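Structural characterization, general
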Amino acid sequence: QVQLVESGGGLVQTGGSLRLSCAASGRTLSSYTMGWFRQAPGKEREFAAGISPTGGYTYYVDSVKGRFTISRDNAKNTVWLQMNSLKPEDTAVYYCAAEQGPVAALRLRPDYWGQGTQVTVSS
C-alpha cells in the first residue's frame, strides 16, 4: 500500500504561484509513475501532469504547459507540482496519484490517490 499526502494548496491571486507537494509513505516511489490530477467544481477529474519513475519524462495537459512543472525526488519519496502564472480556471482540488504502469495507465486509473488539496485562484 502507498499512502499519499498532498500539501501546499491555498488561495492565490491571478498570476501568482503555488508549489504543491505529495509525500508518500508505505513504499518507495522509485518504481511508480506519478501524477497530478485536478477537479474543478461541477467538472470531472482531469489529468494535469505526470512524471516517469526516474523523472526522465514529463507529461502535461495542454492547458498547463509552460506554466506548471512536475518534479520528483525518489530519495525523499516526494513529488512536487510548481504552478506559475495561475489563472482562475486553475481553481480546483488537486490530487496526487501513483501508478505502477506507464503514464497511459496513470491517466486511466491510478493505483493510489491522495486526499486532495484545494487551490483557489482569485481574479
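Refer to the structure printed above.
All of the points below concern the structure found in this document.

Thresholds applied
- Per chain, residues are indexed from 1 in the order of the written sequence.
- Restriction of local features to residues with pLDDT of at least 70 applies here, the model being predicted, together with a cutoff of 80 or more for giving and counting side-chain atom pairs; totals for whole chains, interfaces and linings are based on all residues.
- Each side-chain value is derived from all of the structure's non-hydrogen atoms; neither hydrogens nor water enter the calculation.
- Only DSSP runs of H or I with at least four residues qualify as helices, and only runs of E with at least two residues qualify as strands; both kinds are numbered from the N terminus onward.
- Atoms counted for the radius of gyration: C-alpha only. Globule rule: 2.2 Å times residue count to the power 0.38.
- Burial classification: accessible surface area is computed with a 1.4 Å probe over protein chains only, and a residue below 20% of its type maximum counts as buried, one above 50% as exposed, and the rest as partly exposed.
- Throughout, a contact is declared for two residues whenever any of their heavy atoms are within 4.5 Å.
- Surface exposure here means Shrake-Rupley accessible area, sampled with a 1.4 Å probe, where a residue is shielded only by the protein chains that are shown.
- We count Lys and Arg on the positive side and Asp and Glu on the negative side, and we leave His and both chain ends out.
- One atom stands in for each charge, and that atom is NZ of Lys, CZ of Arg, CG of Asp or CD of Glu.
- Only one rule defines a salt bridge in this text: a Lys or Arg side-chain nitrogen within 4 Å of an Asp or Glu carboxyl oxygen.
- Counting of polar contacts relies on pairs of N or O atoms within 3.5 Å, with two restrictions inside protein: one atom must be capable of donating a hydrogen and the other of accepting it, and residues adjacent in sequence are counted only when both atoms are side-chain atoms.
- In this text, buried Ala, Val, Leu, Ile, Met, Phe, Trp, Tyr and Cys residues form a nonpolar core when linked through side-chain atoms within 4.5 Å.
- Whether two strands pair comes down to DSSP finding at least two bridges between them.

This paragraph deals with the overall build of the protein chain. Looking only at helices and strands, one finds one helix and 11 strands in the protein chain. Put simply, the protein chain runs from its N terminus to its C terminus through helices and strands in the order β-β-β-β-β-β-β-β-β-α-β-β. Against the compact-globule benchmark of 14 Å for 123 residues, the protein chain has a radius of gyration of 13 Å, which places it among compact chains. Counting only C-alpha atoms and orienting by the principal axes, one finds that the protein chain spans roughly 40 × 25 × 25 Å. Looking at the protein chain as a whole, 46% of its 123 residues are labelled buried. Partitioning the contacts of the protein chain with sequence separation of at least 6, the portion at a separation of at least 24 is 57%. With an accessible surface of roughly 6200 Å², the protein chain has 49% of that area assigned to carbon and sulfur atoms. Charged side chains of the protein chain number 12 positive and 9 negative; the gap between the two group centres comes to 3 Å.

Going through the model one piece at a time under the given rule, you end up with four salt bridges. In this structure, Arg38 engages Asp90 in a salt bridge whose closest nitrogen and oxygen atoms are separated by 2.9 Å. Here the residue Arg38 occupies a position in strand 4 (residues 33-39), and Asp90 occupies one in the loop between strand 8 (78-83) and strand 9 (92-99), the gap between them amounting to 52 residues. Asp90 shares its class with Arg38; the two are buried. One continuous salt-bridge network, built from bridges that share partners, spans Arg38, Glu46, Arg67 and Asp90.

Attention now goes to the environment of Arg67. With respect to the element layout, Arg67 can be found in the loop between strand 6 (58-60) and strand 7 (68-73). Looking at Arg67, the relative accessible area reads 10%, which means it is buried. Considered as a pair, Arg67 and Ser85 are 18 residues apart in the sequence and their alpha carbons are 6.1 Å apart. Ignoring anything within four residues of it in the chain, the contact list for Arg67 reads Gln82, Met83, Asn84, Ser85, Leu86, Lys87 and Asp90. Engagement of the side chain of Arg67 in a polar contact is seen with the backbone oxygen of Ser63, the distance being 2.8 Å.

Now for the nonpolar core. Leu4, Met34, Trp36, Leu81, Met83 and Tyr94 are the most contacted members of the largest nonpolar core, which has 29 residues in total. Broken down by secondary-structure element, the contributors of at least two residues to this core are strand 3 (18-25), strand 4, strand 5 (46-51), strand 7, strand 8, strand 9 and strand 11 (117-122). If we ignore the near neighbours within four places in the chain, the residues touching Leu4 are Cys22, Ala23, Ala24, Leu29, Met34, Cys96, Ala97, Ala98, Tyr112, Trp113, Gly114 and Gln115. Judged by nonpolar contacts, the second largest core, of five residues, contains Phe47, Ala97, Val103 and Leu106.

Turning our attention to the pairing of strand 7. Every second residue of strand 7 is oriented toward a common face, the buried set being Phe68, Ile70 and Arg72 and the non-buried set Thr69, Ser71 and Asp73. The sheet contact formed by strand 7 and strand 8 spans six bridges and is antiparallel. In the sheet register, Ile70 faces strand 8, and the bridge partner there is Leu81. Between strand 7 and the antiparallel strand that follows it, strand 8, lie four residues; Asn77 among them carries a positive phi value of about 55 degrees.

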